[in-house]
Amino acid sequence: MPKIIVVEVFDTIVDLLQRVPDREEQNYLAALVFGFSARVLTDEQKAVLRRVLAMTELLKEIVEEAKDERSKEIAERMFRKGATVSDVVELTGLSEEEAKEVLKRVRKKG
């Protein structure tokens, strides 16, 4: 296969991988592509795939941190309105321990 076609196919694959909405599936597919094609990929292409894998993990961590922070902000407002720890746990997805930590902060702030 001519080199230019291989590059175009690779670029298309990377683009498609980045569009997969489920991060676990995206990681799985990128790892499969990397595993199956490692012998034919250039070092540069391997590096691109590694960056895709790293970015999906980084993005996943950032999204999780943002969700956690948002949940804590909501919990704080709920506690100010008189919600119980069990209500906060149920409605925010925070653990009981996390909810209690937020409650301590709310009480300290007054």
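To keep things clear, this report deals only with the structure shown in the data block.

Rules used in this analysis
- Residues numbered from 1 in each chain as written.
- Predicted model: local features only at pLDDT ≥ 70, side-chain atom pairs only at ≥ 80, totals over all residues.
- Heavy atoms only, no water.
- Buried < 20%, exposed > 50% of the residue type's maximum accessible area, 1.4 Å probe, protein only.
- Helix = DSSP H or I, 4+ residues; strand = E, 2+ residues; numbered from the N terminus.
- Arc of directions from axis to C-beta.
- Expected span 1.5 Å × (residues − 1).
- Salt bridge = Lys/Arg side-chain N within 4 Å of Asp/Glu carboxyl O.

Listing the buried residues of helix α4 (residues 85-92) in full gives V85, V88 and T92. One face of α4 carries all of its buried residues, which in axial projection span an arc of 65°. Opposite its buried face, α4 presents the exposed residues S86, E90 and L91, each directed more than 90 degrees away. Following α4 by one or two positions, G93 has its phi on the positive side, about 85°.

Here the focus is helix α5 (residues 96-109). The end-to-end C-alpha distance of α5, which contains 14 residues, comes to 20 Å, matching closely the 20 Å that a straight helix rising 1.5 Å per residue would cover. The set of residues buried in α5 consists of A99, V102, L103 and V106. Buried residues of α5, viewed axially, fall in a sector of 105°; they line one side. Turned more than 90 degrees off the buried face of α5, the exposed positions are E97 and K108.

As a further point, take the pattern of salt bridges. If the charged atoms of two oppositely charged side chains come close together, the side chains can form a pair. Going through the model one piece at a time under the given rule, you end up with 8 salt bridges. A salt bridge links D15 to R19; its shortest N-O distance comes to 2.9 Å. Of this pair, D15 and R19 both sit in helix α1 (residues 3-19), 4 residues apart, roughly one helical turn. Residue classification places D15 among the partly exposed positions, given a relative accessible area of 32%. Measuring nitrogen to oxygen at the nearest pair gives 3.0 Å for the salt bridge that ties K100 to E96. With K100 and E96 both in helix α5 and 4 residues apart, the pair spans about one turn of that helix. Relative accessible area serves as the criterion here: at 47%, E96 is assigned to the partly exposed category. One network of salt bridges, with partners in common, ties together E76, R80, R105 and K109.

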